[in-house]
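The lines below spell out each chain.
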Amino acid sequence: SSNRKNLIFEGSRIHDFAWFASKSVIPLHDTCFIQGNGIVDIWTFSSPRNYNTWKNAPFYTKQALLHYSQLVGAYPYKNMSVVEGPLTAGGGMEYPMFTVISPTTNPKMLDITISHEVGHNWFYGILANNERDQPWLDEGINSYYEDLYTLTRYPNSKLLGNFAYTGLARFLDLNDYPDYAQRELLYQFLARQFEDQASGLNSEKFTQPNYGASLYGKTALSIAHLASFLNHKREGLFDSIMKNYFSEYAFHHCNETLFIQYFEAQSGENLTWFRDELIRQNPQVNYAFTRAHKNKDNTITFTIKNLAKSQIPFSVGYNPSLYSPSTATHLFWSPGFKGSQNITLPDTFTQNLRIDPSFSLPEYNRNNNIAFLNKRGSLTLRRPVRFQFLGSLDHPDKDQIYFMPVISWNMADKTQVGLAVYNSFIPPKNLELAAILALGTGSLRPNALLHFVYHIKTKKQSDLSLGLRFKTSSYGDFFDEKKQKTGYLEYYRWNPFLSFQYQIGHHGKRRKFE
């Protein structure tokens, strides 16, 4: 029939496929030259209403193809199609030579999402791991390369976008955080509530928050740390091994054991710490400066203590910027250890000294990672205090004390006006302190509330909290024998408490006993 058209699509060396059909999309075409493959046709298809956002989609696709081809291996196919579709499963979904992207009007978000989904041609497609059994091999590693892409394309991009440049963001101390910080902050938000999970679980065992924070985010950090560790042995070593891995195992079914054994064989390093502590398990990582002093022989000795059970190699160096791997300088690397170690270096410091200056370790607590260079040229562990209205993100280089006005009411004191002071906001801290002092306008008496709690991780998926609450308040009028009001009835309550939370199974609700 003249009303019918037969189309044949052929793809070789693929293990998945998808197709789409629409009468209303706007097609755009471009080409890309890939060294070792030749010309690749790029097609994008978007709805008319989002054309202004999608008009640069072929360029974004080209940049992604070049990015992965340069760092991992040449894109082997002759076509790449990107389609805007009504996706409800997330920002995008990948298939060989094809990806569907959910609608967006944000050009930067479209660019980064395209790069991630195009990247799956390498991780899941060509290097074909089982996505359900070992999803870190595709989503996690691919997120690492997505981060590199974002750092290259948007080196000055802030975590809060254009809001970070406003006066309000500066007032709330939120202008220091680049995009790259989101990986660690999301991980810390869960880890400090003891709700994080290991990156190497199979997909059905992740809780919904951990699917993003641990599988994508923590794995991306862990791969970045592996890369930093190997590159200090020989510049470019990680990229070299990854390219060889791609060349040798392209179009093969890969798994965790193959990946780690290959990197061990190529690097000559024992990567048990990476496999066991960053992938298969989720112990806390918490190295801390505990002491720093200047010696008479023009050297400085400082002590680093491991406050956790993990023993992961780490570096010490400089970084003038927060969460900026590209500006890091590594002075030396240390193998993981238990307890404490003293390290002595020549007294030639010109910047603050930082543990893990590339911000690649999934650190539980950055607050103890920095030694400041003071005006006398010596290192000190005293962090500057920042009094901050309302709240902010936990700043690695500051001791933050938050405050806000409070107002309340009861029958005896009437309206109470006061001030709340506290130390924990986002992510929460292990030690939480809060105090409220208020004056009753009816009684003209001060009332107080104090809150102290310390959280302890006891075992997998459980935590113990020890705390103390104190409260004083008026609750009625006091009359003498002549029924004359002579004061107020008051109460003082001390409430020590112990609570235990545990989770049943990987997806079960957390149960609390207090």
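Above this note sits the structure.
Structure report, in brief. Since the model is a prediction, treat every value here as computed from it, not as a measurement.

Details of the pattern of salt bridges
Summed over all chains, the structure comprises 17 salt bridges. Across the pair Lys 108 and Asp 179 runs a salt bridge whose closest N-O atoms are separated by 2.5 Å. Of this pair, Lys 108 sits in helix α3 (residues 107–119) while Asp 179 sits in the loop between α5 (167–171) and α6 (181–191), and the two are 71 residues apart along the sequence. Its relative accessible area of 23% is what places Lys 108 among the partly exposed residues. The residue Arg 354 makes a salt bridge to Asp 397 at a minimum N-O spacing of 3.0 Å. Taken together, the residues Arg 354 in strand β13 (residues 353–355) and Asp 397 in the loop between β16 (385–389) and β17 (399–410) connect sequence positions 43 residues apart. Comparing Arg 354 with Asp 397, the two get one shared label, buried.

Section: the packing of helix α7 (residues 208–233) against helix α10 (residues 272–280)
Where α7 contacts α10, the axes come no closer than 11 Å and their chain directions differ by 160°. One element, α7, and the other, α10, form an angle in the roughly antiparallel class. As α7 runs across α10, the sense of the crossing is right-handed. Taking contact as the criterion, the partners of Lys 218, Ser 222, Ile 223, His 225, Leu 226 and Phe 229 in α7 are, on α10, Trp 273, Phe 274 and Leu 278.

Comments concerning the side chain of Ser 324
Mapped onto the elements of the fold, Ser 324 is located in the loop between β10 (314–318) and β11 (329–334). You can call Ser 324 buried: its relative accessible area is 15%. The residues touching Ser 324, leaving out its near neighbours within four places in the chain, are Asn 319 and Phe 359.

What counts, and where the lines are drawn
- Residue positions are given per chain, counting from 1 as you read along its sequence in written order.
- With pLDDT at 70 or above as the cut-off, local features in this predicted model cover only qualifying residues; side-chain atom pairs require 80 or more to be listed or tallied, and sums for whole chains, interfaces and linings still use all residues.
- Only hydrogens and water are removed before side-chain values are computed, so all heavy atoms of the structure are retained for them.
- A pair is scored as a salt bridge if a Lys or Arg side-chain nitrogen falls within 4 Å of a carboxyl oxygen belonging to Asp or Glu.
- Put simply, DSSP H or I for four residues or longer makes a helix, DSSP E for two residues or longer makes a strand, and each gets a number counted from the N terminus.
- For the exposure calls, accessible area comes from a 1.4 Å probe over protein chains only, and a residue counts as buried if that area is under 20% of its type's maximum, exposed if over 50%, partly exposed in between.
- As a rule, the C-alpha atoms of each element are fitted with a line to give its axis, helices using only the stretch in contact, and angles between N-to-C directions run from 0 to 180 degrees.
- Roughly parallel covers angles under 35 degrees, roughly antiparallel covers those over 145, roughly perpendicular covers 65 to 115, and oblique covers all other angles.
- Rotating anticlockwise by less than a right angle from the far helix to the near helix defines a left-handed crossing, while the corresponding clockwise rotation defines a right-handed one.
- Working rule for contacts: check all heavy atoms of both residues, and any pair within 4.5 Å makes them a contact.

Any functional reading would require information beyond the geometric quantities listed.
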